[in-house]
Amino acid sequence: MGSPLDSLFATSAATPDADGRRIPVLLPVALDQTYDYLLPADIEAPPGSFVLVPFGNQQRMGVVWDRSDQGGKSVDSKRLKVVIAVMDVPPLPALSMRFAEWVARYTLSPRGMVLRLMMSASTAFEPPPPKFGVQLVGEPPHRLTPGRQRVIEVARDGQVRAKSALAAEAAVSTAVIDGLVASGTLVDVELARPRLPVPDPDHVTGSFNPAQELAIHGLQASVDAGSFSVSLLDGITGSGKTEVYFEAVARALLKGRQVLILLPEIALTSGFADRFKRRFGAGAAEWHSSVGPAERGRVWLAAASGEARAVIGARSALFLPFSDLGLIVVDEEHDTAFKQEDRVSYQGRDMAVVRAHMGNFPLVLASATPSIESHVNARTGRYRHLKLGERYSGQLLPDVQAIDLKTDQPDRGRWLAPRLVSEIVTNMGKGEQSLLFLNRRGYAPLTLCRSCGHRIQCPQCSAWLVEHRFRQRLTCHHCGFHLPIPEKCPKCQTVGGLVACGPGIERVAEEVRERFPDARVAILSSDLTPSVKELREILGQIARGEADIVIGTQIVAKGHNFPGLTLVGIVDGDLGLGQADPRASERTFQLLHQVTGRAGRAEKAGRGFVQTHLPEHPVMQAIISGDREAFLDREIQLRQAAMLPPFGRLVSILVTARVKAEAEDYARLAARKSPPAARIEVLGPAEAPLAVIRGRHRFRLLVKAPKEVDLQAYLKAWLDALPQPKGDLRVQVDVDPYNFL
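Residues numbered from 1 in each chain as written. Predicted model: local features only at pLDDT ≥ 70, side-chain atom pairs only at ≥ 80, totals over all residues. Heavy atoms only, no water.

### As for helix α4 (residues 146-155)
This is how the line gets drawn: The rule is simple: take the accessible area with a 1.4 Å probe, protein chains only, and divide by the maximum for that residue type; under 20% is buried, over 50% is exposed, in between is partly exposed. Numbering of helices and strands runs from the N terminus, with a helix taken as a DSSP run of H or I at least four residues long and a strand as a DSSP run of E at least two residues long. Relevant arc is that of directions from the helix axis to the C-beta atoms, nothing else. Contact criterion: two residues are considered in contact whenever any of their non-hydrogen atoms come within 4.5 Å of each other.
Three or more residues of α4 are buried, namely G147, V151, I152, V154 and A155. Relative to the axis of α4, the buried residues are bounded by an arc of 160 degrees and lie together on one face. The inward-facing, buried residues of α4 contact β6 (132-136), α5 (163-170), α6 (174-182) and β7 (186-190).

Written out as structure tokens, the structure reads:
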């Protein structure tokens, strides 16, 4: 069987009418077909053009596709609606159209929804509002205050400045500027749209150790080859992976190609952007959810026109309409944040591989803990494997030890074992930073009544409400429902009987403040630092040494560099191991390795301590011994024996409805109607581990097949044969699922 890429490159243009005015248009809606429209005689709209068309009783923007689903003649031309306008923006490249089709087919999503990802900057299709500045043109007024005099002195160079910029430079208010405009001394002038800065590949050249030099040579060779390849840059924490792949970025920029660097979290973007600017003398365009609408439109247009030479972005940046993309880097390629789970379910890392293959250019995957999938591809020779086995600072990886909670128990009502507390005291005495990690938000994961045993559950989900004591409320982390912490038990009405069970990050912070009242404490959690700006400020404070003890959730594992941090304590190393997830061991290993790797990245050696009830578990043994390869060998063997990814394929089918019986009945009907296939196994339906979320009952089917089977064709035939879901019944298909809850 050929590659699924093959069929997508076999293009067949739509058959036009004799006058050539019929065009197929794909709309960014949940539909998987084009619609034919007529072009007015005075308008041209080649494939890729963005057009405004009537759709039902609305006007919608779509893209002129180069293939018609109507065969060109299914609807009489007299019945076709007419294109309203062609938008004055660069057309969608043909490669983007093929990519949209590939993603749609692979994920079993409507093409229109993939196109929607490619049109997620509405301001790009609107004329930009004019911006005005002021310029000195007239004579000074007779009455010159000191402030007016300063403004005139600054403006004598004839430059056009924004009012706010001129006021700041002259140390006056904008009212002074307005007064000079009214007097005719200054005049309003429309400002030219500022162009994006151009990165300079030769701005700064660093010094590299021999391992880095070897990796740089390999990456630059892949760029010079000008063809598709994947390189796995596998370097321990602190080994200088970023500086290495920056040299590949520099080589691609020298060749005049565009570069895309994908990061898993927007919180990383600010620090990373600063590093990029130091290396290249100019910043890269940024694309993520915190970028405002106007800037999104600007970046979209810059990517399409080629003005944006480098883009730093989250996974959705993969769908920007690059005009000449020549290199993609996926940093922290193992991170689950690259998996999109709503609307179009796709794995950003894997789709980056497809995009590079289609564009025939190289891809770099970088991580200190590469995914099992990437390891297997490197071991089998599909990916070039470039290793960085030592830290750039020369320090060794932290010495990691287990604290067995069966023998070294915390004091009653406390969560830090005596050994860990003692190590923190020692570290503070040396003036060094400590990090405590617990991947659990809030104060406590469960609140129950000591009198009757009642547990407070979310009314919309089959999940306990999590206490957030700093905010004085109980919250559901699945639907967002919250209520004030009750004074009495909702069931038995006992006052003062509610008790928090188990630790969350807020509870650990409470204990730290009690034990170390003089310590400067910084807390990193998405609940407590909701804005990206605030989070970046805290990260900056930690990096500058303005915190003694850092307490954080998985945010702290995202590639941050804290030079003064020498001690890491994992409060609960077992937390991720009890999940019904084939990737649980891999994820736990990656997370613990990344967190302990924050220690000792500069001049001083680092230490790590993992509190665990399971010191004999293979994950704990791998973390403590540092024997990653033994852990990988075992994990790969288990995956291969069970035919799990990357040796087999999984697809999750989730059926949900507000009425439990409706969801269960449809799921059982779907299972009965699954086409028989010798090599494809349909498991379930079974009630999902989280049986209810947001008031919707959930039943899951899992489809399992060998890697070489065309699972998409099987699933499409199966789903097409099922009755259309009615009412509020929903069926969600997730190819290559990462969430099994």
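We are not done yet, so read on.
### Some details on α5
Within α5, the full set of buried residues consists of L166, A167 and A170. End-on, the buried residues of α5 take up no more than an arc of 100 degrees, which puts them together on one face. Opposite its buried face, α5 presents the exposed residues S164 and A168, each directed more than 90 degrees away. Buried-residue contacts for α5 involve β6, α4, α6 and β7. Positive backbone phi, at 60 degrees, marks A171, one or two positions downstream of α5.

### Quick notes on the sheet that holds strand β26 (residues 565-570)
Cut-off, in case you're wondering: The pairing criterion is simple: DSSP has to find at least two bridges between the two strands. Inter-axis angles, ranging from 0 to 180 degrees, are taken between N-to-C directions of lines fitted to C-alpha atoms, where helices are fitted over the stretch in contact.
Pairing in this open sheet of six strands is parallel, and the strands run β17-β27-β26-β18-β25-β24 from one edge to the other. With partners counted over all chains shown, the strands left at the sheet margins are β17 (399-404) and β24 (521-524), one partner each. The mean inter-strand angle of the sheet, taken between neighbouring strand axes irrespective of direction, is 20 degrees. When strand β18 (residues 433-437) meets strand β25 (residues 549-552), the two strands line up parallel, connected through four bridges. Bridge assignment links F437 to a residue of β25, and that residue is G552. Strand contacts of helix α13 (residues 418-429): β17, β18, β25, β26 and β27 (607-612), with the helix running at about 160 degrees to β27, the strand carrying the most contacts.

### Points about unusual backbone geometry
With an omega of 10 degrees, the peptide bond running from P645 to P646 counts as cis. Looking at the element boundaries, P646 is found in the loop between α18 (628-642) and β28 (648-657). The omega torsion across G684 and P685 is 10 degrees, close enough to zero to call that bond cis. The residue P685 is located in strand β29 (residues 681-693) in this model. One non-glycine residue with positive phi stands out, namely L108, at about 60 degrees. With respect to the helices and strands, L108 occurs in the loop between α2 (94-107) and α3 (111-118). Positive phi outside glycine occurs at E332, with the angle close to 55 degrees. With respect to the helices and strands, the residue E332 is situated in the loop between β12 (325-331) and β13 (339-340). Since its relative accessible area comes to 11%, E332 is described here as buried.

### Quick notes on the environment of T475
Inspection of the secondary structure assignment puts T475 in strand β21 (residues 473-475). Once the C-alpha coordinates of T475 and G442 are considered, the two residues, 33 residues apart in sequence, prove to be 8.7 Å apart.

### Thoughts on the sheet that holds strand β30 (residues 696-706)
One open sheet accounts for four strands, arranged β29-β30-β28-β31; its pairing is antiparallel. Where the open sheet ends on each side, the last strands, each with one partner, are β29 and β31 (730-735). Ignoring which end each strand starts from, the neighbouring axes of this sheet average 20 degrees apart. The sheet contact formed by β28 and β30 spans ten bridges and is antiparallel. Bridged to I653 within β30 is L701.

### Overview of the nonpolar core
Here is the rule: Side-chain atoms within 4.5 Å link the members of a nonpolar core, which is a set of buried Ala, Val, Leu, Ile, Met, Phe, Trp, Tyr and Cys residues.
If you look at the biggest cluster of nonpolar residues, it comprises 83 residues, and the most contacted ones within it are F50, W300 and I328. Considering every element that reaches this core, the biggest residue donor is α2, with seven residues. Core analysis: the second largest hydrophobic core is formed by 35 residues, L539, V595, A622 and F647 among them.

### Some remarks on the packing of aromatic side chains
The relative placement of two aromatic rings is captured by the distance of their centres and the angle of their planes. As a reminder of what qualifies: Any two rings among Phe, Tyr and Trp, with Trp reduced to its six-membered ring, count as a pair given centres within 6.5 Å; such a pair is stacked if its planes are under 30 degrees apart, edge-to-face if over 60, and tilted if neither.
Going through the model one piece at a time under the given rule, you end up with 14 aromatic pairs. Judged by centre distance (5.0 Å) and plane angle (50 degrees), the ring pair of F50 and F125 falls under tilted. Pair noted here: F50 is in strand β3 (residues 50-55) and F125 is in the loop between α3 and β6, with a separation of 75 residues, a long-range link. We classify F125 as buried; its relative accessible area is 9%. Between the aromatic rings of F276 and F280, the centroid separation amounts to 4.5 Å while the plane-to-plane angle is 35 degrees, which identifies the pairing as tilted. Taken together, the residues span about one helical turn, with F276 and F280 both in helix α9 (residues 269-280) at a distance of four residues. The class of F276 is buried, set by a relative accessible area of 0%.

### What about the state of the cysteines?
In plain terms, the rule: In what follows, a disulfide is any cysteine sulfur pair within 2.5 Å.
Tallied over the full model, the rule gives zero disulfides. No disulfide involves C458; its sulfur sits 3.6 Å from the nearest other cysteine sulfur, which is in C479. Classification of C458 as buried rests on a relative accessible area of 4%. In this structure C476 is a free cysteine whose sulfur lies 3.7 Å from that of C458, the closest cysteine sulfur available. Since its relative accessible area comes to 2%, C476 is described here as buried.

### Considering the packing of α2 against α3
Quick reminder of the rule: Should an angle fall under 35 degrees it is taken as roughly parallel, and over 145 as roughly antiparallel, whereas 65 to 115 is taken as roughly perpendicular and any remaining angle as oblique. Less than a right angle of anticlockwise turn of the near helix away from the far helix marks a crossing as left-handed, whereas a clockwise turn marks it as right-handed. Throughout this entry, Asp, Glu, Lys and Arg are counted as charged residues, while Ala, Val, Leu, Ile, Met, Phe, Trp, Tyr, Cys and Pro are counted as nonpolar. The remaining residues, Gly among them, count as polar.
As a packed pair, α2 and α3 sit with axes 9 Å apart at the nearest point and diverge in direction by 130 degrees. For the element pair α2 / α3, the angle class is oblique. Crossing of α2 against α3: the hand is right-handed. Side by side, α2 and α3 meet where S96, F99, A100, E101, V103 and A104 of the first sit next to R111, V114 and M118 of the second. When its residues are assigned to classes, the contact of α2 with α3 shows six nonpolar, one polar and two charged.

### A look at the pattern of salt bridges
Counted only if it meets this: Any Lys or Arg side-chain nitrogen found within 4 Å of a carboxyl oxygen on Asp or Glu counts as a salt bridge.
On inspection of all chains with the given rule, the structure shows 45 salt bridges. For E629, the salt bridge identified is with R379, shortest N-O distance 3.1 Å. Remark: R379 occurs in helix α12 (residues 372-379) and E629 occurs in helix α18; sequence separation between them is 250 residues. Classification of E629 as partly exposed rests on a relative accessible area of 33%. Among the residues examined, R379 registers a relative accessible area of 41% and is labelled partly exposed. Close ionic contact of E635 with R639 constitutes a salt bridge, the shortest N to O distance being 3.8 Å.

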